[in-house]
Amino acid sequence: MCGIVGYVGPKDCNEVLVDALSKLEYRGYDSAGIAVFSDNEIEIVKTKGKLDDLRNKLKEVGKPSGNIGIGHTRWATHGEPSDINSHPHSGSRVTIVHNGIIENYIELKEFLTAQGRTFLSETDTEVVAQLLDYRYNGDPVKTIDECMADLKGSFALGIMFKDFPDRIFAVRRESPLIVGVAKGESFIASDVPAILKYTRDYYLLEHNEIATLTVDGVSFVNEYLQPIEKELKTADWDEEAAEKGGYPHFMIKEINEQPTAIRTTIMPRIKDGLPYLEENGITPEKLKDFKNITIVACGTAMHAGMVGKYVIEDLSRVPVSVDIASEFRYRNPIISEGDLVIIISQSGETADSLAAMRLAKQKGATTLAIVNAKGSSIAREADMLIYTLAGPEISVASTKAYITQLSVMYLFAFELALAKGTVGKAEIERLISALMKMPEAVQYVIDNCEEKCKYIATKLVAAESLLYIGRGLDYALSMEGSLKLKEVSYIHSESYAAGELKHGTISLIDDGMPVIAVATQTDIIPKTISNIVEVKSRGAKVILVCTDACARELKEGIADYVVEIPHSDEMLMPITAVVPLQLLAYYTSVNRGIDPDKPKNLAKSVTVE
Ligand code: F6R
């Protein structure tokens, strides 16, 4: 995801900005750029590619000489990676770098176009630069404050005004931004690692606060333009930990990034309260004729497809089959012209998924890829494409990619149901509004369930084998819970449709065997509870993940441990219910002394069969 840096001080700005950006590389990016005040003019150098490409370009065009500037690494969201879409972006008197998403950029762009403004790039960022320039009233802080009222979304901005060559400005809403201070110099950055080489002292910019950085120091105002004093913090991370943003592992960092990942993924695809996938080439006209859908993927991505199957079939009544890519490609699948084949992949490079997609195309199907890695093979070759905007996922165990794959599955299912006319607009609006609340709901689960999951994980350390059970969507989710646990803890586990247990698997239940039951679907909760009673009476230790409503009605002693999650729309429950399953897997792994980021025998991108 994008990285922002900024510097004001005595040093050569180019050096500091590029060095600070290099500390944000772990976030992933596809282009980079800097803007520097040089002889009172703002000079911009930017390029598609890596920091080495930027270094080469700086050599080629000549480094702007100056001590005050801003820099950026971009992870493309609006518009492909290209020189022109790279940051910084400018209106004539204002230059900015930006992290996050401006949700209402289409409306703002229309407004500014009507005022005679033209745009060079496809980015939402340039819209903000132009808006700041349009609103500029000679007072940068007031101008920024006025524009904040116009902007919707979560974002952080580093800003330079041509008329004020001795300072830079910063503001944020939701997206992180810190302001570092040292003697005679100050910094802005998306994350502390960027500035650790220069200072450990920093301020955390809060929502809608505006910072002004000069060589004489840093000042802050709140959204009412009142000057404020802020608490100075001191970082105490070593460098390796700092790259993980203070978290001990990427897996837990990425679990914590899920609210942002969902928001970033869904918001650009919602317009006027309805799904908006036209920018992805997906229109109701294209969708309405598909009579069969096959979802093909591997591992966690396939589990997201399982949830997709339930939701798509329920809403649009189109039959959906889900296939493991390595099976699909070798079994002469029944696919023909007029079918839709959806390929889900975080890396976009999984060999089996890529081969399955090529086979589907050969057979005349239309292909839709749901991919996280920009410009990957699956993304390039698919007929239609929706990127999950989870940002780089570094931990081998997929967490935030899965949750964004689910989010896209919902958006697609809603769009398809509208195209097919199987669900009315009002109901889809209601579902979209529920989906928009999921980032907060996931944050709530992280904040309120982590300690409990950590404790329960201490009870799983010595287990030799576990079962995950659920029905319907809860079964689809159990599959993911089970995979997550086994890959990072090396404990054998299986997921089972709860009603199928008594047809064989229940014979595995022994005294003390942990069974993790998921029960979030009101109409089938009593059935799942009966299955829990069956395993409990055979000695199982039951960990129940259920809604708060379900927990209130539970009889004493049904489960040994209960993890309650807030009730949201039932169809969307997998988005919140997966979080405790991820946390249980993570803490079990850590308790067993395993590095959850690098489980043995596994790779992040499986490019061989
Ligand atoms: C599990 C995991 C794997 C991947 C699978 C597919 O945590 O990460 O099961 O989901 O290898 O990879 P992608 O999504 O890159 O195609």
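Description of the structure in this document. Computed from a prediction, not measured in an experiment: that's the story for all the values here.

### Quick notes on the overall build of the chain
Point 1. The number of helices and strands found in the chain is 20 helices and 27 strands.
Point 2. Taking 2.2 N^0.38 as the reference for a compact globule, 609 residues should give roughly 25 Å; the C-alpha atoms of the chain span a radius of gyration of 25 Å, in line with that estimate.
Point 3. The dimensions of the chain, computed from C-alpha atoms along their principal axes, are 80 × 55 × 45 Å.
Point 4. Put simply, 72% of the contacts in the chain that link residues at least 6 apart link residues at least 24 apart.
Point 5. In the form shown here, the chain has an accessible surface area of approximately 23,300 Å², with 48% of it arising from carbon and sulfur atoms.
Point 6. Seen as two clouds, the 65 positive and the 86 negative side-chain charges of the chain have centres 2 Å apart.

### What about the sheet that holds strand β4 (residues 68-74)?
Point 1. Ordered by their spatial adjacency, eight strands build an open sheet running β3-β2-β4-β1-β10-β9-β11-β15, and the pairing between neighbours is antiparallel. Every interior strand has two partners, whereas the edge strands, β3 (41-48) and β15 (233-234), have only one.
Point 2. Sheet analysis places strand β1 (residues 3-8) next to β4, joined by six bridges and oriented antiparallel. Within the sheet, the bridge partner assigned to isoleucine 4 lies in β4 and is histidine 72.
Point 3. Lying on the sheet, helix α2 (residues 51-61) is in contact with β2 (31-38), β3 and β4; it crosses β3 at an angle near 135 degrees.

### Remarks on the packing of helix α16 (residues 438-460) against helix α20 (residues 573-591)
Point 1. At their nearest, the axes of α16 and α20 sit 7 Å apart, and the two run at 35 degrees to each other. The handedness of the crossing between α16 and α20 is right-handed.
Point 2. In terms of residue class, the contact of α16 with α20 is built from 16 nonpolar, four polar and two charged.

Criteria and cut-off values
- Residues numbered from 1 in each chain as written.
- Predicted model: local features only at pLDDT ≥ 70, side-chain atom pairs only at ≥ 80, totals over all residues.
- Heavy atoms only, no water.
- Helix = DSSP H or I, 4+ residues; strand = E, 2+ residues; numbered from the N terminus.
- Rg over C-alpha atoms; globule rule 2.2 N^0.38 Å.
- Contact = heavy atoms within 4.5 Å.
- Areas by Shrake-Rupley, 256 points an atom, 1.4 Å probe, with all protein chains shown as cover.
- Lys, Arg positive; Asp, Glu negative; His and termini not counted.
- Charge placed at Lys NZ, Arg CZ, Asp CG, Glu CD.
- Pairing = 2+ DSSP bridges.
- Axes fitted to C-alpha atoms, helices over the stretch in contact; angles between N-to-C directions.
- Left-handed = near helix turned anticlockwise from the far one by under 90°.
- Nonpolar A, V, L, I, M, F, W, Y, C, P; charged D, E, K, R; others polar.

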